[in-house]
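This is what each chain is made of:
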Amino acid sequence: MLTYPEIDPVAVSLGPLQIHWYGLTYLAGLAFAWGLAVRRSKRADSPLVREQVDDLLFYAALGVVLGGRMGYAIFYGGERLAQDPTWLLRVWEGGMSFHGGMLGVIVATFWYARRQKISFGPLLDFVAPLAPLGLALGRLGNFIGQELWGRAADVPWAMVFPKDPLQLARHPSQLYQFALEGMLLFFILFWFSSRPRPTWAVSGVFALGYGLLRFTAEFFREPDAHLGIQAFGWMTRGQMLCVPMILLGLYMLWFAYQRSGARLSKN
């Protein structure tokens, strides 16, 4: 068993103001996304020019925060939200959902595309590769904050999280998610999007890749205590939310290459 490298979740304390590592990982993820977006905007097939990158990322960041909070409240706290709608606004109590944040980014991207008169498909393909590094850093923030730990395990790399009331040796599932839906997905998307692809294909790879990798990681992650196992005696809420992503990703890839093939045959 490994020893958990306990790190103070508060990175900086300035009197009553405390800056947590989790918040800093969000900022670092945004900085990496900005740098990659600037680089991609210089490509000949980019739907954006450099001057538009800052505005797009501003609206996407709003989509992450607002969508992430609303998604958590709806997907993971529906009963509590129904009893106390003001809980949605109490962001200091924690609670963010990737799936909600993803929907928020899609809405923000759609709105920006309409405002700038840019085709939505190419713009969404532009945005998709920007997300995984932020996801990876967010999982590191979860690990430092001792949140979303894994299920009990007897593997050699299991560890006891000091905040765990049961003090069980557990999978460090935050690090699994860091590696899978963060770094691995980033390298897949970086490679796949390094050359021109049919419209919707890059977004399809993101949806399919994240859905499959998150679905896998959920087998090692402790289900939310207030939800538990949701379906078939083994499926968690996170896995249920990934199923539509997997199906959508498959459809987007089929649609992208089907349409691309039809265009080539006409030519």
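Keep in mind the model is a prediction, meaning the values are calculated, not measured. (Residues numbered from 1 in each chain as written. Predicted model: local features only at pLDDT ≥ 70, side-chain atom pairs only at ≥ 80, totals over all residues. Heavy atoms only, no water.)

(A) Inspection of the nonpolar core at higher detail. Residues Phe98, Leu185, Leu189, Phe206, Tyr210 and Met245 are the most contacted members of the largest nonpolar core, which totals 23 residues. Among the elements of the structure, helix 4 (98-116), helix 7 (173-192), helix 8 (201-217) and helix 9 (237-266) are those that each provide at least two residues to this core. Ranked by the residues each element gives to this core, the list is headed by helix 8, at nine residues. Setting aside chain neighbours within four positions, we find Leu189 in contact with Ala128, Pro129, Pro132, Val202, Val205 and Phe206. Membership of the second largest hydrophobic core comes to 18 residues, among which are Leu36, Val53, Tyr112 and Ile118. (Core = buried A, V, L, I, M, F, W, Y, C linked by side-chain atoms within 4.5 Å. Buried < 20%, exposed > 50% of the residue type's maximum accessible area, 1.4 Å probe, protein only. Helix = DSSP H or I, 4+ residues; strand = E, 2+ residues; numbered from the N terminus. Contact = heavy atoms within 4.5 Å.)

(B) Broad picture of helix 2 (residues 50-75). Its 26 residues give helix 2 an end-to-end C-alpha distance of 36 Å, which sits within 8% of 38 Å, the value for a rise of 1.5 Å per residue. Among the residues of helix 2, those classed as buried are Gln52, Val53, Leu56, Leu57, Ala60, Gly63, Gly67, Gly68, Arg69, Gly71, Tyr72 and Ala73. Looking at the buried residues of helix 2, the elements they touch are helix 1 (21-40), helix 3 (78-83), helix 4 and helix 5 (120-127). (Expected span 1.5 Å × (residues − 1).)

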